[in-house]
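Here is what each chain is made of, one letter per residue.
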Amino acid sequence: MSVASFDSLTVRYGNFVALNQFSCQIPEGCVGLLGPNGAGKTTLIKTILGFIAPTQGRGSVLGSDIATEGDALRQKVGLMPEQDCHIPGMNAVEFVAYAGRLAGMPQAHAIRRAHEVLEYCGLGEARYRNVETYSTGMKQRIKLAQALVHGPKLLLLDEPTNGLDPRGREEMLELVRSVSHGKGVNVLVSSHLLPDIERVCDEVIVVFRGELRAQGKIQDLKRVAGQPVDVELREPSPEFAAALGSRNMSWEPRGLSEFRVMGLNTPEETVHAVYACAAQAGAQVRSLAPAERSLEEAFMEAIHV
Amino acid sequence: MSEPTSNPIADLTYRNYDGPIEPARARWLPIAAATASMGVKKKGFWLVAALSSWYYVVMLIVFYVIGNFTRQSGDRGAQISEEFFKRIVWKDQFLHGFGYSQMLFLVLAIMLGAGAIANDNRSNALLVYLSKPLRKIDYLFGKWLGVAWVITLVALVPMLFFYLYCLMTYRDQGFLSQDPLLILRILVLAPMTGLFYSSLVIGISSLLNQGRLAGAALAGVYFLTYFFTQLINGYRMNLLMMNPDQTRTGLDLLWYLSLDGINIALAKMILGTRGQPPFNAGQDFVLPVIPPAWIFIPLALLICGGFLAIAWSRVRAVEVVR
């Protein structure tokens, strides 16, 4: 089941086309929105929220039309913007409770919920401090807390690790992973940082120049065509290479004792053939795994760079 | 083994919110409440609010002294007291109290509203507001109302206190008989100034990224127009001294063309008085005419509407550069 669907969505800023005939279905779970700077990721998020009106096309999020049912849609969605944002003059509890009030929560519920999400986001100790005095990491966390306070079904995270040091980044990614798995919250993470996306997301959508370039599970995108396997031997073995050649199997070296062996008809057939070659060469197989490329390679291929 | 705690905050796992949600029609209410609440917490707010009632306090003291101590000093004193109260035009006291506090209302408007949108612009808070299920009209109306109702209360409370005191004490001196509808006029007058200054300060605040700059801009408009009308008044008085019998309606109307002048013009229309000096010195000829409603009501509405239209056009969740 999809959380959001877009059909030929086009968004223009004057003559500049930010989203061009963008069509896709965003599945449930944690989905990464990948693309280089200026690809249209933030524009898509802002269009979802109704900040920018599409010039063409349609879209719906959690059953609400993005053009006509903005209020109902935003009731079900939480936004963690890329930029720092807070309400001046408020401490964390006041800010998050106020965000809850804006979403229609009664005062008492909003305050109680603010305490809960601040604890969850790791700001329990600093909840009575003015938000303007927060560090960058804390500001990222409070942005997440205000997005979560009204219990959204879809969380839009725009560059959630922006400006964080390695430890802060780890903690934020852990938080995102935690909220997006088994909590009933779907998450769309927009980022140009591939390791972040790989760490927390199950699926990705690759956007480039306002167009959808690739979509699917990360494992599928990383899969190499032809189902090859990566073989690591205990020590270098020219005999193993010769044995592969004698069976007309194509391969390429990946290191002194590592080979990428092209797949045969089925994965099972390939595995049997590799073990047979190793036995013939008297080589010891240390590891055997389906060959994968990195997400970066998959991403580069998707955007044709 | 320790007992599991019943405190929900001790449970750090994430739980969804499935509690009640209020109807979408009143989303401006928390914005208005927060704007007002942050405003009244500012340093000096209560001092300025108290100072804005200075005229009523002074007049109450004067009335009390003349009404009590002169009567105690024999027949002559009683006669002085009677003549004094005969000269009092009661609704003029409200006009003066209102007029003399204009600058303080401006200060209050700046304290409450200068940063209302400007500070949100600076801290990207509009993204927080507009990503929630509310509309731009909720945001603007909430900000506007948050400033307007506090100024209204600050203007109204001393007026009502003064009215009630005079009603209880000076009914025999014509307080009620001079204008039985005075209470209704007061109830219209006080919100008017709140709505006027609120519209101005919200419009200017939306144009800038810093509350201080917005405050300085509004103060600049106030004082520029004020000095213009003072120059007009100087010229007008000069002409009046030379020829007291000649009416100068055009100059009289120009005298009202400042921010406080427009408020005073509306107040004169609402109260139906030209505004005698506090102790009725009898120089009626120097008082500007009551301005015509057909000019000043549309003018006030145009100014308020113009500044609110500026705010409407400036409030955007995202800045789209075309």
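Note that this is a predicted model, so its numbers are computed, not measured.

### Section: the nonpolar core
Then, number 1: Counting residues in each nonpolar core, the largest one holds 174 residues, and the members touching the most others are Phe6 of chain A together with Phe94 of chain B.
Then, number 2: For this core, the domains that each give at least three residues are domain 1 (1-76 + 153-162 + 183-221) and domain 2 (83-152) of chain A.
Then, number 3: Those residues in contact with Phe6 of chain A that lie beyond four places of it in its chain are Phe22, Ser23, Cys24, Ile26, Leu44, Ile48, Arg58, Gly59 and Val61 of chain A.
Then, number 4: Listed in part, the 16 residues of the second largest apolar core include Val231, Leu233, Met249 and Ala278 of chain A.

### Some remarks on the domain arrangement of chain A
The extent of an interface is frequently quoted as the accessible surface area lost upon association of the parts.
Then, number 1: Each assigned domain of chain A is listed with its residue range as follows: domain 1 (1-76 + 153-162 + 183-221), domain 2 (83-152) and domain 3 (229-290).
Then, number 2: Look at where the C-alpha atoms of domain 2 of chain A and domain 3 of chain A centre, and you get two points 56 Å apart.

### Examining the pattern of salt bridges
Then, number 1: This model, assessed by the stated rule, comprises 24 salt bridges over all chains.
Then, number 2: A salt bridge links Asp7 of chain A to Arg58 of chain A; the shortest N-O distance between them is 3.9 Å. Remark: Arg58 of chain A occurs in strand E4 (residues 56-61) and Asp7 of chain A occurs in strand E1 (residues 2-13); sequence separation between them is 51 residues.
Then, number 3: When its relative accessible area of 39% is taken as the criterion, Asp7 of chain A is described as partly exposed.
Then, number 4: One salt bridge connects Lys143 of chain B with Asp120 of chain B, and the closest N-O pair in it is separated by 3.0 Å. Taken together, the residues Lys143 of chain B in helix H8 (residues 136-169) and Asp120 of chain B in helix H6 (residues 102-122) connect sequence positions 23 residues apart.
Then, number 5: Connected via shared salt-bridge partners are Asp71 and Arg74 of chain A together with Arg135 of chain B.

### Some thoughts on the packing of aromatic side chains
Residues and elements named next belong to chain B.
Then, number 1: Following the criterion strictly, the structure yields 37 aromatic pairs over all chains and no others.
Then, number 2: Residues Tyr56 and Phe94 carry aromatic rings whose centres are separated by 6.3 Å and whose planes lie at 50 degrees to one another, so their mutual orientation is tilted. Placement of Tyr56 in helix H3 (residues 54-72) and of Phe94 in helix H5 (residues 90-100) is noted, with a sequence separation of 38 residues between them.
Then, number 3: On the accessibility criterion, Tyr56 (4% relative accessible area) is buried.
Then, number 4: Residue Phe94 is classed as buried on the basis of its relative accessible area, which comes to 0%.
Then, number 5: Seen in terms of ring centroids, Phe94 and Tyr163 are 6.4 Å apart; in terms of plane orientation they differ by 50 degrees. Their pairing is tilted. One end of the pair, Phe94, is in helix H5; the other, Tyr163, is in helix H8, and 69 residues separate them in sequence. For the residue pair Phe94 and Tyr163, the accessibility class agrees, reading buried in each case.
Then, number 6: Over the ring of Trp312 we find Lys136; its NZ or CZ atom is 4.3 Å from the centre of that ring.

### Some points on a nonpolar patch on the surface
All names here are of chain B.
Then, number 1: A contiguous nonpolar surface patch, about 460 Å² in accessible area, is contributed by Val57, Ile61, Tyr64, Val65 and Phe69.
Then, number 2: With respect to the helices, strands and loops of the structure, Val57 is situated in helix H3.
Then, number 3: The class of Val57 is partly exposed, set by a relative accessible area of 43%.

### Some details on helix H6 (residues 166-180) of chain A
Residues and elements named next belong to chain A.
Then, number 1: A rise of 1.5 Å per residue sets the reference length of H6, with its 15 residues, at 21 Å; its end C-alpha atoms lie 21 Å apart and thus fit the reference within 8%.
Then, number 2: Buried residues of H6: Gly168, Met172, Leu173, Leu175, Val176, Val179 and Ser180, and no others. On an axial view of H6, the arc spanned by its buried residues comes to 160 degrees, and they lie on one face. Opposite the buried face of H6, at more than 90 degrees from it, the exposed residues are Pro166 and Arg167.
Then, number 3: Count one or two residues on from H6 and you reach Gly182, which has phi positive near 80 degrees.

### Quick look at the interface of chain A and chain B
Then, number 1: On the chain B side, the residues contacting the 50 residues of chain A number 37 residues.
Then, number 2: Ranking the residues of chain A by area buried against chain B places Phe51, Asp71 and Leu102 of chain A at the top, with a combined share of 16%.
Then, number 3: At the junction of chain A with chain B, the criterion picks out two salt bridges.
Then, number 4: In this structure, Arg135 of chain B and Asp71 of chain A form a salt bridge, with 2.7 Å as the shortest nitrogen-oxygen distance.
Then, number 5: At the junction of chain A and chain B, the tally comes to twelve residue pairs in polar contact (both at pLDDT 80 or more).

Parameters and conventions
- Residues numbered from 1 in each chain as written.
- Chains lettered and ligands numbered in written order.
- Predicted model: local features only at pLDDT ≥ 70, side-chain atom pairs only at ≥ 80, totals over all residues.
- Heavy atoms only, no water.
- Core = buried A, V, L, I, M, F, W, Y, C linked by side-chain atoms within 4.5 Å.
- Buried < 20%, exposed > 50% of the residue type's maximum accessible area, 1.4 Å probe, protein only.
- Domains from an automatic or database assignment.
- Contact = heavy atoms within 4.5 Å.
- Salt bridge = Lys/Arg side-chain N within 4 Å of Asp/Glu carboxyl O.
- Helix = DSSP H or I, 4+ residues; strand = E, 2+ residues; numbered from the N terminus.
- Phe/Tyr/Trp six-rings, centres within 6.5 Å; stacked < 30°, edge-to-face > 60°.
- Lys NZ or Arg CZ within 6 Å of the ring centre and 35° of its normal.
- Patch = residues over 30% accessible without salt bridge, like charges linked within 9 Å, V, L, I, M, F, W, Y side chains within 5 Å.
- Areas by Shrake-Rupley, 256 points an atom, 1.4 Å probe, with all protein chains shown as cover.
- Expected span 1.5 Å × (residues − 1).
- Arc of directions from axis to C-beta.
- Buried area = accessible area lost by both parts, 1.4 Å probe.
- Polar contact = N/O pair within 3.5 Å; in protein donor to acceptor, adjacent residues only side chain to side chain.

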